[in-house]
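So you can see what is in the structure, the chains are spelled out below.
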Amino acid sequence: MGADHTPKIVGTVWGLLVLNTLGSAGAKTIIPLPRSLIQMVTMGALVAAFALALAVNLRLRIRASSFVFLLTLLLVESVISSANLESGFGALFRCFRLALFVGTLWLLSRWWNGGLTFVRYHIRMYFAVLGSVATGLVVSPGAALPDLYGGRLVGALWPLTPPQIGQYAAVIIGLTVLLVLGRRTDRASAVVVIVPSFVLLALTHTRTATLGLFIGLALAIGSLILTSAAARRFFTWAVLCAVVAAVGFASALQAWFLRGQSKENFSNLTGRAKVWDALLAAPRSTSEQLFGVGLGDKSFGGLPIDNSWLAVYNEQGLIGVTLVAAVIIVLGGVALLRPPSLQRACAIFLISYCAIASYTEAGLGDASPYLLHLALAASLLAAPTQAAAAPLSTPEVPRRHIPRWAQRSEVT
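It should be emphasised that the depicted structure is a prediction, and the values quoted were computed from it without experimental measurement.

Asks: Any chance you could explain the side chain of Ser82 here in plain terms?
Replies: Note on placement: Ser82 falls in helix H3 (residues 66-82). A distance of 2.8 Å separates a polar side-chain atom of Ser82 from the backbone oxygen of Ser78. Reaching out from Ser82, the side chain makes a polar contact with the backbone nitrogen of Leu295 at a distance of 3.2 Å. Not counting residues up to four positions away in its chain, the partners in contact with Ser82 are Ala91, Leu92, Cys95, Gly294 and Leu295.

Asks: Would you mind going over unusual backbone geometry with me for this structure?
Replies: Glycine aside, a negative phi is what most residues show, and trans is what most peptide bonds show. Although it is not a glycine, Leu60 sits at a positive phi angle of roughly 55°. Looking at where Leu60 falls in the secondary structure, it is placed in the loop between helix H2 (35-56) and H3. The phi torsion at His205 lies on the positive side, around 55°, for a residue other than glycine. For His205, the location among the structural elements is in the loop between helix H8 (187-204) and helix H9 (207-222). What makes His205 partly exposed here is its relative accessible area of 23%.

Asks: I keep staring at the packing of aromatic side chains and nothing clicks. Help me out?
Replies: Each aromatic ring pair is specified by the distance between its two centres and by the angle formed by the two planes. Evaluated as defined, the whole model comprises 5 aromatic pairs. A ring pair is formed by Trp14 and Phe118, whose centres lie 5.2 Å apart and whose planes are at 70°; its orientation type is edge-to-face. On the criterion of sequence distance, the pair formed by Trp14 in helix H1 (residues 8-20) and Phe118 in helix H5 (residues 117-139) is long-range, its members being 104 residues apart. Per residue, the accessibility class of Trp14 equals that of Phe118, and both read buried. Among the aromatic side chains, those forming a connected cluster through ring pairs are Trp14, Phe118 and Tyr121.

About the criteria used
- Residues numbered from 1 in each chain as written.
- Predicted model: local features only at pLDDT ≥ 70, side-chain atom pairs only at ≥ 80, totals over all residues.
- Heavy atoms only, no water.
- Helix = DSSP H or I, 4+ residues; strand = E, 2+ residues; numbered from the N terminus.
- Polar contact = N/O pair within 3.5 Å; in protein donor to acceptor, adjacent residues only side chain to side chain.
- Contact = heavy atoms within 4.5 Å.
- Buried < 20%, exposed > 50% of the residue type's maximum accessible area, 1.4 Å probe, protein only.
- Phe/Tyr/Trp six-rings, centres within 6.5 Å; stacked < 30°, edge-to-face > 60°.

Right, dumping it as structure tokens:
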């Protein structure tokens, strides 16, 4: 089934998955929202996504996907690690959430055929989320730029942290730039998405998202240089602009990058290194080293871990780390083996962005936006179905029998 035949309800399912992964913790909103209400909305969105995906795919037609298969193994491992309730009953609830998330991806895999349909779903939904952030900034600038976060942009209508907003903005900027280079969208529509998203990204002062955007785009565009003149022109201009900005605005860029922090605070990654050292130094049994302590809130000693690999090691052990590494390696390997194309470039951008962000952000071991980005990459790398890939052929017209006497008359 081709991308043009994807039911509209599939886009709704993808949007509900995005809503579920927004999370329930963040800044104070203009209208106080109880965390229980937010959790009810996000979890309800996931249940609705699974139900709709099942309704549109009642025959349970799925496509073989190494990505979703590895996530299924990670789910099984998470259930095993959470069964002893070392992290409480909340671990089993998180396993149930991950099961619905993975099950929904299996149901949607039927429409993964290497097309750009899901890229458009991704951009539209996250642009809508950023629209709510911009609305909150206009309505209440004080709530959107609170002193608690050092004046960084947060979600004033829905509790979103600066790293979340920066991540969403960086991802849709990168995907939209690639769509423009591939001539799959017009420049006016791209400007409407890119310019406000870049402004919001700058207001978040999120270094990880910014580095992930530029490095991911460089790798993605680099994969198109040999086959796309537009990519070569864009890459050349981008390098020139980067050099001019580095020379002319060095002090301003440095101030934005440091965010007013001391060099000592910057060197230990805003305190993250202390949490990482404490986590690695904590005594663990053999079972905890292999399987972890069960799914939790990605914290250690009451402080956020903010590293996907250490969070997975803490909650799902070395086996979980191996499975997550396999996900990145498999997707990256498949992307490198594909011939140059826009879909391949988008997948390379998403994979590289998630790999870069994994150093200072958690989420690769549980239902999160990062797994949704990687799911989008998997859909782009899926081989087209036979119906979509087969070229249109002209049906053979049966030959009409001509009698011999008629043939002789035509000759004479």
